[in-house]
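# Examination of the molecular architecture
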Amino acid sequence: MNLLRYIHGSRKGKAAHDLELEAMRDPFMSDAIDGFDNVRDNHVKVIEKLQKQITTKSKPESNHLKAWSIAAAILITVGTGTFFFN
């Protein structure tokens, strides 16, 4: 992501200039860069914290719930089949 590299400070010279030109054409990006410049904080740490939160919340659910769901479906199917068979 170009903007993230810009915030980290790893984009300098022509690359930073190109990003700033792109921001002139994109009002959302321009506002984002202005916001980063106006607020004095460690944006890198905040971004890393947000990325960790997103990663932990987007992990797939545990296999226990899936296993219990399958077991319940099998039990219902067998019970219904037994009821109709008798």
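The paragraphs below set out a description of the structure included in this document. On a predicted model such as this, the values are computed, not experimentally measured, just so you know.

What counts, and at which threshold
Residues numbered from 1 in each chain as written. Predicted model: local features only at pLDDT ≥ 70, side-chain atom pairs only at ≥ 80, totals over all residues. Heavy atoms only, no water. Helix = DSSP H or I, 4+ residues; strand = E, 2+ residues; numbered from the N terminus. Rg over C-alpha atoms; globule rule 2.2 N^0.38 Å. Buried < 20%, exposed > 50% of the residue type's maximum accessible area, 1.4 Å probe, protein only. Areas by Shrake-Rupley, 256 points an atom, 1.4 Å probe, with all protein chains shown as cover. Lys, Arg positive; Asp, Glu negative; His and termini not counted. Charge placed at Lys NZ, Arg CZ, Asp CG, Glu CD. Axes fitted to C-alpha atoms, helices over the stretch in contact; angles between N-to-C directions. Parallel < 35°, antiparallel > 145°, perpendicular 65-115°, else oblique. Left-handed = near helix turned anticlockwise from the far one by under 90°. Contact = heavy atoms within 4.5 Å. Nonpolar A, V, L, I, M, F, W, Y, C, P; charged D, E, K, R; others polar. Salt bridge = Lys/Arg side-chain N within 4 Å of Asp/Glu carboxyl O. Phe/Tyr/Trp six-rings, centres within 6.5 Å; stacked < 30°, edge-to-face > 60°. Expected span 1.5 Å × (residues − 1). Core = buried A, V, L, I, M, F, W, Y, C linked by side-chain atoms within 4.5 Å.

Now for the overall build of the chain. A count of helical and extended segments in the chain gives five helices and zero strands. The linear arrangement of helices and strands in the chain, starting from the amino end, is α-α-α-α-α. Taken over the C-alpha trace, the chain has a radius of gyration of 26 Å; the compact-globule value for 86 residues is 12 Å, which it surpasses by more than 25%. Viewed in the frame of its principal axes, the chain has a C-alpha envelope of about 80 × 25 × 20 Å. Counting the 86 residues in the chain, one finds 13% classified as buried. Surface accessibility of the chain: about 7,500 Å² in total, with carbon and sulfur atoms responsible for 63%. Of note, the chain has its 12 positive side-chain charges centred 9 Å away from the centre of its 10 negative side-chain charges.

Between helix α2 (residues 14–25) and helix α3 (residues 27–38), the least distance of the axes is 5 Å, while the angle of their chain directions is 120°. What the angle tells us is that α2 and α3 run oblique. For α2 against α3, the interelement crossing comes out left-handed. Across from L19, E22, A23 and R25 in α2, the residues of α3 making contact are P27, M29, S30 and I33. Taken together, the residues of the contact of α2 with α3 sort by class into five nonpolar, one polar and two charged.

Let us look at the pattern of salt bridges. For the coordinates displayed, the defined rule picks out one salt bridge. Between D18 and K14 there is a salt bridge, with its nearest N and O atoms 3.2 Å apart. Taken together, the residues span about one helical turn, with D18 and K14 both in helix α2 at a distance of four residues. You can call D18 partly exposed: its relative accessible area is 34%. Residue K14 is classed as exposed on the basis of its relative accessible area, which comes to 62%.

Within the structure shown, the criterion is met by one aromatic pair. Between the aromatic rings of F83 and F84, the centroid separation amounts to 5.5 Å while the plane-to-plane angle is 70°, which identifies the pairing as edge-to-face. Overall, F83 belongs to the exposed group, its relative accessible area being 64%. Residue class for F84 comes out exposed when judged on its relative accessible area of 65%.

The next subject is helix α5 (residues 63–85). A rise of 1.5 Å per residue sets the reference length of α5, with its 23 residues, at 33 Å; its end C-alpha atoms lie 33 Å apart and thus fit the reference within 8%. Burial within α5 is sparse, with just zero of its 23 residues counted as buried.

This part is about the nonpolar core. Core analysis: the largest hydrophobic core is formed by nine residues, namely L3, Y6, I7, A16, L19, A23, M29, I33 and I47. Where this core is concerned, the elements lending two or more residues are α1 (2–8), α2 and α3.

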